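Structure at a glance
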Amino acid sequence: MSSFFIKKKGSEKPAKKGENTAGIKRKADGDGGNKGRAKKGSSRLNEEISSDSETEVPVVSRKRRQKEEEEVDETAQEKKLRLAKLYLEQLRVEEEDKAEEEAFEKEIIAGRLQEDVLEQRGKLQRFIAKDLQPPDLADVRLLRGHQLPVTCLVISPDDKHIFSGAKDCSIIKWDVESGKKLFTIPGGRKGTEDRHVGHTAHILCMAISSDGKYLATGDKNKLIMIWEAATCKHLYKFTGHKDAVSGLSFRKGTHDLYSASHDRAVKVWNVDENAYVETLFGHQDVITGLDCLSRERCVTAGGRDGTVRVWKITEESQLIFHGHEGSIDCIQLINEEHMITGADDGSVAVWSVGRKKPLATVKQAHGCQGDGGLQQPHWISAVAALLNSDTVASGSHNSKVQLWRCAEGFRSLQPLFEVPVAGFVNSLKFSNSGNFLVAGVGQEHRLGRWWRIKEAKNGLYIIPLKKKTLEQDSANGI
């Protein structure tokens, strides 16, 4: 083995005098040169390895190493102080966010309260009419299910369902989106009142409570029936009127029910307690329509007595208004201070509860019928108002539903557009959202059989209300 011949440095003996030390020196010099070259090569190799290792190690690890070194250097007291500062900063941010949320909620609540106050005073008005445009006729849907003319309808507070009543004594609950019948309460034959659950005479009016819990219906048999709106289950039967029940309305936010009849009386009922409250008298002819909102008062149309009356229930008093020349057949509140009426003289009028005469009247609102000197205006058979807005509608038997704009502080009625609908428009209702209008149509007038339009279809027309977009407004130069 070569290692056997290698001697340790300590055991090396000095070279003898006279030996060729120059050769050894040269050899040593040669070895030193090799060693220098080896050192240079190894250092170069080390440099290359170190540079490669630097590229392989990510920057994040170096930062983490530095952080660890800092943490090692940090004392326990300094760490507590740093964590306390972080906790305080976190609390400050949370408190600022909470304060912003509370301020936002306060703004929302203040806005709602302001709206409620304006609504109570009758001064809340949404200007919607200017943005409405005529719907495409292809989008107007017809829902058919009643055998005889539809006389009345209501829309649920969430706009998902429609309830309709007709001369066939039946009640149908519809799904707005699909247009399908969800439930049908069939009508009974005359003489089966004792055993039939439902109406056995023409249904003339209906109302739904503002929470969507109760549905009330009235018929020519002097009866008012209360139903559970969700299931169409029969709950109560109110008797007391001496003639046909022609108008029903729930007071908004309560289960107090107001009813009007051809016996010229207005009655007040408490549906929760299944109880009669009181009767109000004043009209000199049959009452043809009734409406109310959240105040403890209601408005009625007095037919041939030519009056509109505002009944103050708590004060047991009434305000009397005159204006139409014919029989006032329909009435609807626009807000707490204004209302719209329609009469068989063909006129539509807007009223304020603070004035005894109409603020605005449009005569022959739906044109005339007949030839030459025998022309008669089309009767106004239904009116509707989009609550707290400037948009109203009227219907007749001239095959059109007319939409109007209340302008100049309700002092003028301006026509917006017409929607063709064949037959007698016996009932009109805007959805609560204002996205659609529903017309209850029949071949005959809801209160009689003076005319018959054979080509008309008994059913409900759902008319979508389209609003102009910003692009359309800019295209029209608005």
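Model, not experiment: these values are computed from the prediction.

Criteria and cut-off values
Residues numbered from 1 in each chain as written. Predicted model: local features only at pLDDT ≥ 70, side-chain atom pairs only at ≥ 80, totals over all residues. Heavy atoms only, no water. Phe/Tyr/Trp six-rings, centres within 6.5 Å; stacked < 30°, edge-to-face > 60°. Helix = DSSP H or I, 4+ residues; strand = E, 2+ residues; numbered from the N terminus. Buried < 20%, exposed > 50% of the residue type's maximum accessible area, 1.4 Å probe, protein only. Salt bridge = Lys/Arg side-chain N within 4 Å of Asp/Glu carboxyl O. Polar contact = N/O pair within 3.5 Å; in protein donor to acceptor, adjacent residues only side chain to side chain. Contact = heavy atoms within 4.5 Å. Pairing = 2+ DSSP bridges. Core = buried A, V, L, I, M, F, W, Y, C linked by side-chain atoms within 4.5 Å. Axes fitted to C-alpha atoms, helices over the stretch in contact; angles between N-to-C directions. Patch = residues over 30% accessible without salt bridge, like charges linked within 9 Å, V, L, I, M, F, W, Y side chains within 5 Å. Areas by Shrake-Rupley, 256 points an atom, 1.4 Å probe, with all protein chains shown as cover. Lys, Arg positive; Asp, Glu negative; His and termini not counted. Charge placed at Lys NZ, Arg CZ, Asp CG, Glu CD. pLDDT = per-residue confidence, 0-100.

Okay, the packing of aromatic side chains next. Counted under the stated rule, the structure contains 7 aromatic pairs. Summarising the aromatic geometry, the rings of Phe424 and Trp451 are spaced 6.3 Å apart at their centres and angled 25° between planes, so their arrangement reads as stacked. With a gap of 27 residues between them, Phe424 in strand β29 (residues 424-430) and Trp451 in the loop between β30 (436-442) and β31 (459-464) connect regions that are remote in the sequence. Taking the relative accessible area as the measure of exposure, Phe424 reaches 1% and is therefore buried.

Throughout the structure, instances matching the rule amount to 15 salt bridges. Across the salt bridge formed by Lys466 and Asp136, the nearest N and O atoms sit 2.8 Å from each other. With a gap of 330 residues between them, Lys466 in strand β32 (residues 466-467) and Asp136 in the loop between β1 (132-133) and β2 (141-143) connect regions that are remote in the sequence. Counted as one network, the salt bridges with shared partners bring together Glu89, Arg92 and Glu96.

Moving on: the side chain of Ser156. Within the secondary structure, Ser156 is located in the loop between β3 (150-155) and β4 (161-166). On the basis of relative accessibility, which here comes to 5%, the residue Ser156 falls in the buried class. At 2.6 Å, the side chain of Ser156 forms a polar contact with the side chain of Asp158. What Ser156 contacts, discounting residues up to four positions off in sequence, is His161, Ile208 and Asn432.

The next point concerns unusual backbone geometry. One non-glycine residue, Arg264, lies in the positive phi region at around 75°. Mapped onto the secondary structure, Arg264 falls in the loop between β12 (256-261) and β13 (265-270). A relative accessible area of 39% places Arg264 in the partly exposed class. A positive phi angle, near 55°, is found at Asn388, a position not held by glycine. Structurally, Asn388 can be placed in the loop between β25 (382-385) and β26 (391-395).

Let us now look at the pairing of β26. Burial within β26 is extensive, with 5 of its 5 residues counted as buried. Residues Thr391, Ala393 and Gly395 of β26 are buried on one face, and the alternating residues Val392 and Ser394, pointing to the opposite face, are buried as well. Relative to β26, β25 is paired through 4 bridges, and the arrangement is antiparallel. Across the sheet, Ala384 pairs through a bridge with Ala393, a residue of β26. Counting the residues in the hairpin turn of β25 and β26 gives 5 residues, including Asn388, whose phi is positive at 55°. Taken together, the 5 bridges between β26 and strand β27 (residues 400-407) define a ladder with antiparallel strand orientation. By the bridge assignment, Ala393 is partnered in β27 with Leu403.

One finds Val401, Leu403, Val421, Val425, Leu428, Phe430 and Leu437 to be the most contacted residues of the largest nonpolar core, which totals 21 residues. When residues of this core are traced back to their parent elements, those giving at least two are β25, β27, β28 (412-420), β29, β30 and β31. If we ignore the near neighbours within four places in the chain, the residues touching Phe430 are Ile155, Ala384, Ala385, Leu386, Thr391, Val392, Ala393, Leu403, Phe436, Leu437 and Leu465. In this structure, Val348, Leu359, Val392 and Leu413 belong to the second largest nonpolar core, which totals 16 residues.

Turning to the sheet that holds β27, a few remarks are in order. Strand order in the open sheet formed by 4 strands is β25-β26-β27-β28, and the pairing between neighbours is antiparallel. This sheet does not close on itself; its edge strands, each paired only once, are β25 and β28. The sheet shows a mean angle of 25° between the axes of neighbouring strands, taken without regard to direction.

Overall, antiparallel pairing links the 4 strands, which are arranged β2-β31-β30-β29 in an open sheet. Taken across any chain shown, the strands that pair with only one partner, and hence form the sheet edges, are β2 and β29. When strand polarity is set aside, the average angle formed by the axes of neighbouring strands in this sheet is 25°.

Together, Tyr87, Leu88 and Leu91 make up an exposed nonpolar region whose accessible area comes to about 310 Å². Take Tyr87: it is sitting in helix α3 (residues 76-121).

Here we come to a negative patch on the surface. A cluster of acidic residues, Glu94, Glu95, Asp97, Glu100, Glu101, Glu102 and Glu105, forms a negative patch at the surface. Here Glu95 shows up in helix α3.

We now examine the environment of Leu437. Inspection of the secondary structure puts Leu437 in strand β30. Overall, the relative accessible area of 0% leaves Leu437 in the buried class. For the pair Leu437 and Ile462, spaced 25 residues apart in the sequence, the C-alpha separation amounts to 6.0 Å. With residues near it in sequence (within four places) discarded, Leu437 still touches Ala393, Val401, Leu403, Leu428, Lys429, Phe430, Tyr461, Ile462, Ile463 and Leu465.

With that settled, consider the confidence of the model for the protein chain. For the protein chain, per-residue confidence averages 83 on the pLDDT scale, and residues scoring 70 or more make up 80% of the total. Scored below 50 in pLDDT, residues 1-57 makes 2 contacts in the model with residues more than four places away or belonging to other chains.

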